[in-house]
Amino acid sequence: MKKLRFIGLFVVTVAFSTVASAQVGDLQNNFSVGVNAGVNLTSAQFSPTVRQNQLMGTVFGVTGRYISEKYFGMTCGIRMEVNYSQHGWKEFVEGFDDLQFQRTLNYVDIPFLAHLAFGKKFQFFIDGGPQIGFYLSDSSKISGDWDSVSGIVVEQHTLDVKHKFDYGITGGIGLELKTRKTGNFLLEGRYYYALSDFFGNEKQDYFGRSANTTISIKLTYLFDITK
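Residues numbered from 1 in each chain as written. Predicted model: local features only at pLDDT ≥ 70, side-chain atom pairs only at ≥ 80, totals over all residues. Heavy atoms only, no water.

This part is about the overall build of the protein chain. Each helix and strand in the protein chain was counted, giving one helix and nine strands. Each helix (α) and strand (β) of the protein chain, taken in turn from the N terminus, gives the series α-β-β-β-β-β-β-β-β-β. Each of the 227 residues in the protein chain was classed as buried or not, and the buried ones make up 44%. In the protein chain, the proportion of contacts linking residues at least 24 apart, taken out of those at least 6 apart, comes to 72%. Accessible surface computed for the protein chain: about 12,000 Å², of which carbon and sulfur atoms make up 64%. (Helix = DSSP H or I, 4+ residues; strand = E, 2+ residues; numbered from the N terminus. Buried < 20%, exposed > 50% of the residue type's maximum accessible area, 1.4 Å probe, protein only. Contact = heavy atoms within 4.5 Å. Areas by Shrake-Rupley, 256 points an atom, 1.4 Å probe, with all protein chains shown as cover.)

What follows is the structure, given as structure tokens:
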């Protein structure tokens, strides 16, 4: 399983790097920097399964983008971010409204994205590529007597995060408004699928799979350094 995850990440990285670096159109030299902020709707993939809802968290950071070429009506480039990002999950038990648990995992996330856009002043764009993350800390909130209900998985309530390096695949779509004087404004939705586990996943460990999955809705502001 670990080998398959590394192979998948390698293939995606090579594919997007090839697209981003290919020089087959009109060369550009547009470098932009800026900031981004938004919300994360997060959950965790567990095996054995843990019943849960999405947890809302925050994401914000800095963005750099380089447009390298324009081929017919398509703009091609690369994009990189360094973000503070909250992942995690929120649990529920049907019939027991007093039982509530949520755990928030805080990371520094760094996505490396190929950027493809269509249009001129108002653009539609697609971003995708690998993402890595570094675990910082976590916090949890719990209410109700979980021990009084049998047959519920609760190991994830107290387990320590073992694997603090997170990696996976991310991609999304969005709209960009380009202005000459005030900069560029981007609205996007993005999905992240982790290939790594944050809890131990050896034979002696309880969970064979414990991975972050996140839907992000973000606003980004970029201003041009070079055009």
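Formed by 17 residues in total, the largest nonpolar core has its most connected members in Phe46, Trp89, Leu105, Phe198, Phe199 and Phe207. Among the elements of the structure, strand E1 (26-47) and strand E5 (100-119) are those that each provide at least two residues to this core. Once residues lying within four places of it in the same chain are set aside, the contact partners of phenylalanine 198 are Ala44, Phe46, Trp89, Leu105, Tyr107, Val161, Lys162, His163, Ser210, Ala211 and Asn212. (Core = buried A, V, L, I, M, F, W, Y, C linked by side-chain atoms within 4.5 Å.)

Taken as a whole and assessed by the stated rule, the structure comprises 11 salt bridges. Several salt bridges converge on common partners, so that one network encompasses Arg79, Glu81, Asp127, Glu188, Arg190 and Lys218. (Salt bridge = Lys/Arg side-chain N within 4 Å of Asp/Glu carboxyl O.)

Okay, the environment of threonine 42 next. Within the element layout of this structure, threonine 42 appears in strand E1. For threonine 42 and isoleucine 215, which are 173 residues apart along the polypeptide, the C-alpha to C-alpha distance reads 6.3 Å. The contacts of threonine 42, once residues within four sequence positions are left out, are Asn53, Gln54, Leu55, Gln86, His87, Gly88, Trp89, Thr213 and Thr214. Among the polar contacts listed, one links the side chain of threonine 42 to the backbone oxygen of glycine 88, at a separation of 2.9 Å. (Polar contact = N/O pair within 3.5 Å; in protein donor to acceptor, adjacent residues only side chain to side chain.)

Within this structure, the stated rule accounts for 15 aromatic pairs. Between tyrosine 206 and phenylalanine 207, the aromatic rings sit 4.9 Å apart at their centres with planes inclined by 80 degrees, giving edge-to-face as the arrangement. For tyrosine 206, a relative accessible area of 40% puts it in the partly exposed group. Here a set of aromatic residues connected by ring pairs shows up, and it is made of Phe46, Trp89, Phe198, Phe199, Tyr206 and Phe207. (Phe/Tyr/Trp six-rings, centres within 6.5 Å; stacked < 30°, edge-to-face > 60°.)

Before going further, it helps to examine the confidence of the model for the protein chain. When pLDDT is averaged along the protein chain, the result is 88; 88% of the residues meet or exceed 70. Overall, residues 18-23 carries pLDDT values under 50, and its contacts beyond four positions in sequence, including any with other chains, amount to eight contacts. (pLDDT = per-residue confidence, 0-100.)

In this fold, valine 35 is placed in strand E1. In this structure the C-alpha to C-alpha distance between valine 35 and asparagine 83, which are 48 residues apart in sequence, comes to 9.5 Å. Excluding anything up to four places from it in sequence, valine 35 contacts Gly61, Val62, Thr63, Leu219, Thr220 and Tyr221.

Looking now at the side chain of histidine 157. Secondary-structure assignment places histidine 157 in the loop between strand E6 (122-143) and strand E7 (165-179). Residue histidine 157 is classed as buried on the basis of its relative accessible area of 12%. Within polar-contact distance, the side chain of histidine 157 engages the side chain of glutamate 91 at 3.1 Å. Ignoring any residue separated from it by four or fewer positions in sequence, one finds histidine 157 in contact with Glu91, Phe101, Arg103, Ile142 and Trp146.

Residues Asp97, Asp98, Asp145 and Asp147 make up a contiguous surface patch of negative charge. Note that aspartate 147 resides in the loop between E6 and E7. (Patch = residues over 30% accessible without salt bridge, like charges linked within 9 Å, V, L, I, M, F, W, Y side chains within 5 Å. Lys, Arg positive; Asp, Glu negative; His and termini not counted. Charge placed at Lys NZ, Arg CZ, Asp CG, Glu CD.)

Moving on to unusual backbone geometry. Residues serine 47 and proline 48 are joined by a peptide bond in cis, for which omega reads 5 degrees. For proline 48, the position within the fold is in the loop between E1 and strand E2 (52-53).

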